[in-house]
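Observations on the three-dimensional arrangement
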Amino acid sequence: MGKINTIIINTYFGAGDIFFIQSIANRFVKQGYKVLWPVMNIYAPLAKHFPNVTMVDKHLVNIDYTRNDVYEFNGCRVIPLRFSDSICKVPYTDCMKSKYILMGQEWETWKDDCIIERDWENEKKLYNEVLGLQDGEKYNLISDMFQTGGTRSILITPPDNGLKDVYMRFIEGYTIIDWLTVMQQAETIHAVSSACIYLFELFPPKAIVNLYIRRPNEQNHDNYSYLLTKDKYILHP
């Protein structure tokens, strides 16, 4: 049997998952492995932000995505992180931390080796040209969409403070990470608990984040509240 030099990460959906387990991927890189990460096509544009891994459309990698064990495939080792909660036999509320438990790592270290390369030119274009924001302008940022492709949303009523309301949305040519300047400069933030929470943690905005539950999918904040830096959020029931 030949030497294994490539790790394939089997967790192809959820931008939040992609952000949360970057440290796991980069620790494999530190050990001398190449990391191949198949993702859903909608997430493939995120590849530009992760210089240490090869992120590609999952249809280009012919592995068995339903297997929930570690196995070897064409000289690669496949790591089934998408099944970590069932493998580790933990409740679903621990689904995120279980990814680190499976790897024998402390989940609290998830930020330590997370490397995200920002596209500063795209961030500026989105801020100034697409959204028409002026440097130093005060505005409310509303993020009301969740689930893959933003297929669901909740009603978030913007604050009555006289400021412009900027709604996060999918814009061709821009990724969720390209919204970081908009996030960090917002005067107030009102967001459903989507993948944005991982970016709020990695790149803290100046505003306190008002965080809302993904209803009807969830009824409380238990699935992720343990990940949050508590003084940065107001958790709405």
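Report follows, based on the coordinates. These numbers come from a predicted model, not from an experiment.

Topic: helix H5 (residues 120-130)
Those residues of H5 not exposed but buried are Asn-122, Glu-123, Leu-126 and Tyr-127. Each buried residue of H5 sits inside an arc of 130° when the element is viewed along its axis, so together they form one side. Residues of H5 that are exposed and point more than 90 degrees away from the buried face comprise Trp-120, Glu-121 and Glu-129. Among the structural elements, strand S6 (139-143) and helix H6 (180-185) are those in contact with the buried residues of H5. Looking one or two residues past H5, Gly-132 carries a phi angle of roughly 70°, positive in sign.

Topic: the pattern of salt bridges
Under the defined criterion, the tally for this structure stands at 13 salt bridges. The salt bridge involving Arg-27 is made with Asp-113; its shortest N-O contact spans 2.7 Å. Highlighted residues: Arg-27 in helix H2 (residues 22-30) and Asp-113 in the loop between helix H4 (97-102) and H5, separated in sequence by 86 residues. For the pair Arg-27 and Asp-113, a shared accessibility class is recorded, and that class is buried. Linked by salt bridges that have partners in common, Arg-27, Lys-30 and Asp-113 make up one network.

As for the nonpolar core
Membership of the largest hydrophobic core comes to 62 residues, with the highest contact counts inside it found for Phe-19, Trp-179 and Val-182. Ranked by the residues each element gives to this core, the list is headed by helix H7 (residues 196-202), at six residues. Counting residues in each nonpolar core, the second largest holds nine residues, with Leu-36, Val-61, Ile-63 and Tyr-65 among its members.

Focus on the packing of aromatic side chains
According to the stated counting rule, one finds 10 aromatic pairs in the structure shown. Judged by centre distance (6.4 Å) and plane angle (45°), the rings of Phe-19 and Phe-50 are tilted. Taken as a pair, Phe-19 in helix H1 (residues 15-20) and Phe-50 in the loop between strand S2 (34-39) and strand S3 (54-57) lie far apart in primary sequence, 31 residues in all. When the ring of Phe-20 is compared with that of Tyr-100, the centres are 5.2 Å apart and the planes differ by 80°; the resulting orientation is edge-to-face. Separated by 80 residues along the polypeptide, Phe-20 in helix H1 and Tyr-100 in helix H4 bring together distant segments of the chain. Site record: aromatic cluster; members linked through ring pairs are Phe-20, Tyr-100, Trp-110 and Tyr-198. Here Lys-58 stacks its cationic end above the ring of Tyr-65, 4.5 Å away from the centre of that ring.

Rules used throughout
Residues numbered from 1 in each chain as written. Predicted model: local features only at pLDDT ≥ 70, side-chain atom pairs only at ≥ 80, totals over all residues. Heavy atoms only, no water. Buried < 20%, exposed > 50% of the residue type's maximum accessible area, 1.4 Å probe, protein only. Helix = DSSP H or I, 4+ residues; strand = E, 2+ residues; numbered from the N terminus. Arc of directions from axis to C-beta. Contact = heavy atoms within 4.5 Å. Salt bridge = Lys/Arg side-chain N within 4 Å of Asp/Glu carboxyl O. Core = buried A, V, L, I, M, F, W, Y, C linked by side-chain atoms within 4.5 Å. Phe/Tyr/Trp six-rings, centres within 6.5 Å; stacked < 30°, edge-to-face > 60°. Lys NZ or Arg CZ within 6 Å of the ring centre and 35° of its normal.

Everything listed here is a matter of coordinates, which is why it stays silent on function.
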